[in-house]
Amino acid sequence: MSEHKNTPGEVHNKDTQWPLWEVFVQEQQGAPHEHAGSLHAPDAEMALQNARDVYARRGRLLSIWVVPAGAITASAPADDGPFFDPGNDKVYRHPQFYKVPKGVKVF
Amino acid sequence: MEDAAKLQEFEARIEAGEKIEPKDWMPEKYRKQLIRMISQHAHSEIVGMLPEGNWITRAPSLKRKLTLLAKVQDEAGHGLYLYCAAETLGVDRQELVEQLLEGKAKYSSIFNYPTLTWADMGVIGWLVDGAAIVNQTMLAKASYGPYARAMIRICKEENFHKRQGYEIVATMANGTPEQKRMIQDAVNRWWWPSLMMFGPHDSDSPNSGDLMKWKVKTRSNDDLRQRFVNLTVPQAIAVGLTIPDPALKYNEETGNWEFGEIDWEEFWAVVSGNGPYNRERLEARRQAHAEGEWVRKAAEAYAEKQRLRENKVA
Amino acid sequence: MKFDQQTTEDLFDYLLRLGDDRLILGHRLSEWCGHGPILEEDIALANIALDCIGQAIGFLKLAGEVEGKGRSEDDLAYFREAIDFRNLILLEQPRGDFAYTIARQFLFDVYSFHLYEALQQSSFDELAALAAKSLKEARYHLRHSSQWALRLGDGTEESRQRIQNAFEDLWRFTGEMFRPDAVEQRLIAKNLIPDTAALKPKWDQMVGQVLAEATLTVPKEGFMVSGSRQGRHSEHLGYILSQMQILPRSYPTAQW
């Protein structure tokens, strides 16, 4: 996601290619929305229409989200260690941590 | 000193086959080379719409019309993905578009040749898209994540482009004498420019070193060109078309189709703006951009009015 | 379904109207490919053109089957003269600027949307099915063109002027959408097609609503051009066909 100079709705006297939006699509029922790509649009309605045209040219999509690129806050690469590592050693968050009597099927 | 350490870490990541993402530290040169390369690629898709777009209204059957229109539309989509990939490096699409329109940016020279007959639609799909696919299959493994992801999507979508092109070629090559003449003429005109698409010899390619070191490219220009020739010659033979190169011959030992020398004078002339259709292509882009300005502004003005109206209500 | 000779002829003619409308509009839209005001819109216009040509193929194919003389959709598209084409004059007008294209598209989309809705009730199953399938696309086309009409109308002073002018200029071609001739009258009587005159109030209402929201004025009723459903076209159609038909006409025995 780039640092974009324009935010949706901002008015310009100079010519622009419109603000940047990030597109998330759901391909199957029950599936999560996944990032498909980006596009430029003047407002949310046009962003939705453009997303349909750009990212649903082939195959059906169930649902589309569009988000102004500037509205997304991403973690920094420097966070890599401290931010995500703690999750790895919390063994009690994983099902294998728990013992089950032999012969019992627990999902 | 810190930069040297970062560079070392960066190169170690590349070496380990990791993908570099937008917010990761990267050498300025890597960023610049990528912006140059990805935007050139995007421009090529956009300018590349013109030679084929030229034949949509004259497609000889409704099926061919749908296919061609869908293909040219895909090229717009691919340009869009690529501009977005370039934007993750901190440039604005507006800047990139302006560079193209001002003649400061390069794009693939192949699109500076005119399309003269319907046969060109077949040959462009077969040779030009064929050459592009060889190149893009490599780029789908590029070290920069957003570029590689755009290329994966593009490769998936371009599968049909080459096939539909070859279908037109095969149909015309098996058609009436007029059709055979047209298709052979198209091969004669597009063959050498297609080979030029892979760029200068490795020894004359100023940017290749860095791009290969940092695994943006993983194969050399000459290597890819040879791969393309090896793939294509048997396809020409299969439909009875002649490749316009008297030096072309098969080397049993290497398994390569050896070919003659490219006319590098023509190559550099077209690259530097003196191809048969450079002016027309840029002029068409400039005109579309200029005529679109009031539309882009109108949509922004409306969005601003809507925002103000919503604020008032809230 | 079996029809008597008069009905067969009428239905064939009517299916040509449906097919030719979309073929010619698709042709004009496809002229934008590579020349749109912004990349995203280039893609949108190509999508609509693809839908139009796809729908045209469906109607022309069915027309050929109803006629029963072995003519394919390609035969009908490529080997008829301008006087045999049945599309609205509105649709053969040059693409003009983006405002002109949007205004034309919007006027047609409102018509086409309501027509498809009503055609789903046709007693001719194949036609009802084609209408139902096309309606989904038409709904999206209408959303696209009406949203653009709003943006151009309520955008800048320049855009408002341009699209107002386009509506004024194109208005005279809208009358013939709603004047069923003898061919249509006979089909209406047999429940094969809806009465387009009855669609007019819905069309007026929707067009009026969008134009009002777009701060535009509905053009004054005045002289209305007509005749295209009988093959009386403007001069533009001949040029469209001379481009579209050049290859099959030049090499009638060739396969492409």
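Residues numbered from 1 in each chain as written. Chains lettered and ligands numbered in written order. Predicted model: local features only at pLDDT ≥ 70, side-chain atom pairs only at ≥ 80, totals over all residues. Heavy atoms only, no water.

*Asks:* Tell me about the interface of chain C and chain A, and name the residues and values.
*Replies:* Each partner contributes to the interface: chain C provides 11 residues, whereas chain A provides 14 residues. With both chains or domains summed, chain C and chain A bury close to 1,300 Å², and 56% of this area falls on carbon and sulfur atoms. The largest per-residue losses of area from chain C upon contact with chain A belong to I38(C), E40(C) and Y140(C), which jointly make up 42% of the total buried on that side. In this structure, the connection of chain C to chain A is made through 2 salt bridges. R143(C) serves as the salt-bridge partner of E45(A), at 2.8 Å between the closest nitrogen and oxygen. On inspection of chain C and its partner chain A, the count reaches 6 residue pairs in polar contact (both at pLDDT 80 or more). (Contact = heavy atoms within 4.5 Å. Buried area = accessible area lost by both parts, 1.4 Å probe. Salt bridge = Lys/Arg side-chain N within 4 Å of Asp/Glu carboxyl O. Polar contact = N/O pair within 3.5 Å; in protein donor to acceptor, adjacent residues only side chain to side chain.)

*Asks:* Provide a residue-level description of the nonpolar core, including the pertinent values.
*Replies:* Counting residues in hydrophobic clusters, the biggest one holds 203 residues, and the most contacted among them are Y30(B), W118(B), Y147(B) and L152(C). Sort the elements by how many residues they give to this core and helix α2 (residues 39-67) of chain C lands first, with 16 residues. Once residues within four sequence positions are removed from consideration, L152(C) is found in contact with W294(B), V295(B), A298(B), F98(C), A99(C), I102(C), S159(C), R160(C) and I163(C). (Core = buried A, V, L, I, M, F, W, Y, C linked by side-chain atoms within 4.5 Å. Buried < 20%, exposed > 50% of the residue type's maximum accessible area, 1.4 Å probe, protein only. Helix = DSSP H or I, 4+ residues; strand = E, 2+ residues; numbered from the N terminus.)

*Asks:* Outline the pattern of salt bridges, listing residues and values.
*Replies:* Residue and element names in this part refer to chain C. Enumeration over the complete set of coordinates arrives at 45 salt bridges over all chains. As a salt-bridge pair, D13 and R17 come within 3.0 Å of each other at their nearest N and O atoms. Taken as a pair, D13 and R17 lie in helix α1 (residues 5-30) at a separation of 4 residues, close to a single helical turn. R17 shares its class with D13; the two are buried. The shortest N-O distance in the salt bridge between E158 and R162 comes to 2.9 Å. One end of the pair, E158, and the other, R162, are both in helix α7 (residues 157-170), 4 residues apart, so they sit about a helical turn from each other.

*Asks:* So, the interface of chain B and chain C: which residues are in play, and what are the values?
*Replies:* Taken residue by residue, the interface counts 45 residues in chain B and 48 residues in chain C. Both faces combined, the contact of chain B with chain C buries some 4,000 Å², and carbon together with sulfur accounts for 70% of it. In terms of surface lost to chain C, no three residues of chain B exceed L62(B), W294(B) and Y302(B), which account for 20% of the buried area on that side. If you look at where chain B meets chain C, you find 3 salt bridges. The salt bridge partner of D154(C) is K305(B), with a shortest N-O separation of 3.1 Å. Counting across the chain B and chain C interface gives 14 residue pairs in polar contact (both at pLDDT 80 or more). Elements that contribute at least two residues to the side of chain B that touches chain C include exactly α3 (49-53), α4 (62-87), α7 (145-173), α8 (177-196) and α12 (278-313) of chain B. Here the side of chain B that touches chain C takes 14 residues from α12(B), the largest share from any one element.

*Asks:* An account of the pairing of strand β1 (residues 20-26) of chain A is requested, with residue identities and associated values reported.
*Replies:* Residue and element names in this part refer to chain A. Taken across its 7 residues, β1 has 7 buried, putting it largely inside the fold. Residues of β1 alternate between two faces, with L20, E22, F24 and Q26 on one and W21, V23 and V25 on the opposite face, all of them buried. With 6 bridges connecting them, β1 and strand β2 (residues 34-40) associate as antiparallel partners. The residue of β2 that forms the bridge with V23 is G37. Sheet topology places β1 next to strand β3 (residues 63-68); 6 bridges connect them, and they run antiparallel. For W21, the partnering residue across the bridge sits in β3 and is P68. (Pairing = 2+ DSSP bridges.)

*Asks:* For the packing of α2(C) against helix α5 (residues 98-119) of chain C, give the residues involved together with the corresponding values.
*Replies:* Residue and element names in this part refer to chain C. Running from amino to carboxyl end, α2 crosses α5 at an angle of 40°, the nearest separation of the two axes being 13 Å. Overall, the two elements α2 and α5 adopt an arrangement that is oblique. The way α2 lies across α5 gives a crossing that is left-handed. Residues E41, L45, I48, Q55 and F59 of α2 touch α5, and the partners they reach there are F98, Q105 and Y116. When the residues that make up the contact of α2 with α5 are grouped by side-chain class, the tally is 5 nonpolar, 2 polar and 1 charged. (Axes fitted to C-alpha atoms, helices over the stretch in contact; angles between N-to-C directions. Parallel < 35°, antiparallel > 145°, perpendicular 65-115°, else oblique. Left-handed = near helix turned anticlockwise from the far one by under 90°. Nonpolar A, V, L, I, M, F, W, Y, C, P; charged D, E, K, R; others polar.)

*Asks:* Kindly report on the packing of aromatic side chains, identifying the contributing residues and their values.
*Replies:* Considering all chains together, one arrives at 25 aromatic pairs over all chains under this definition. Here the aromatic rings of F98(C) and W148(C) are separated by 5.0 Å at their centres, their planes lie at 85°, and the arrangement is edge-to-face. Note that F98(C) is positioned in helix α5 and W148(C) in helix α6 (residues 125-153), a separation of 50 residues in sequence. The pair F98(C) / W148(C) is uniform in exposure class, with both members buried. Pairing Y111(C) with F178(C) gives two aromatic rings, centres 5.8 Å apart and planes at 85°, and the pair type is edge-to-face. Pair noted here: Y111(C) is in helix α5 and F178(C) is in the loop between α7 and α8 (182-189), with a separation of 67 residues, a long-range link. By the ring-pair criterion, three or more aromatic residues cluster together here, those being F10(B), W25(B), Y30(B), Y144(B) and W214(B). A cation over an aromatic ring shows up here: R52(A) above the ring of Y140(C), its NZ or CZ 3.4 Å from the ring centre. The ring centre of W32(C) lies 4.3 Å from the NZ or CZ of R95(C), which sits over that ring. (Phe/Tyr/Trp six-rings, centres within 6.5 Å; stacked < 30°, edge-to-face > 60°. Lys NZ or Arg CZ within 6 Å of the ring centre and 35° of its normal.)

*Asks:* Could you give an account of the sheet that holds β1(A), with specific residues and numbers?
*Replies:* Taking strand neighbours across the sheet as the criterion, the 3 strands line up as β2-β1-β3 (chain A) in an open arrangement whose pairing is antiparallel. Looking at strand neighbours, the two that pair on one side only are β2 and β3 of chain A, the edges of this open sheet. Pairwise comparison of adjacent strand axes, ignoring direction, gives a mean angle of 30° for this sheet. Seen against the sheet, α4(B) touches β1 and β2 of chain A and runs at an angle of roughly 95° to β2(A).

*Asks:* Provide a residue-level description of unusual backbone geometry, including the pertinent values.
*Replies:* Keep in mind that most residues, glycine aside, have a negative phi and that most peptide bonds are trans. Even without glycine at this site, W18(A) takes up a positive phi of about 70°. Mapped onto the secondary structure, W18(A) falls in the segment before β1. By relative accessible area, W18(A) is classed as buried at 2%. A positive phi angle is found at N191(C), which is not glycine, with a value near 65°.

All quantities given are derived from atomic positions and should not be read as evidence of function.
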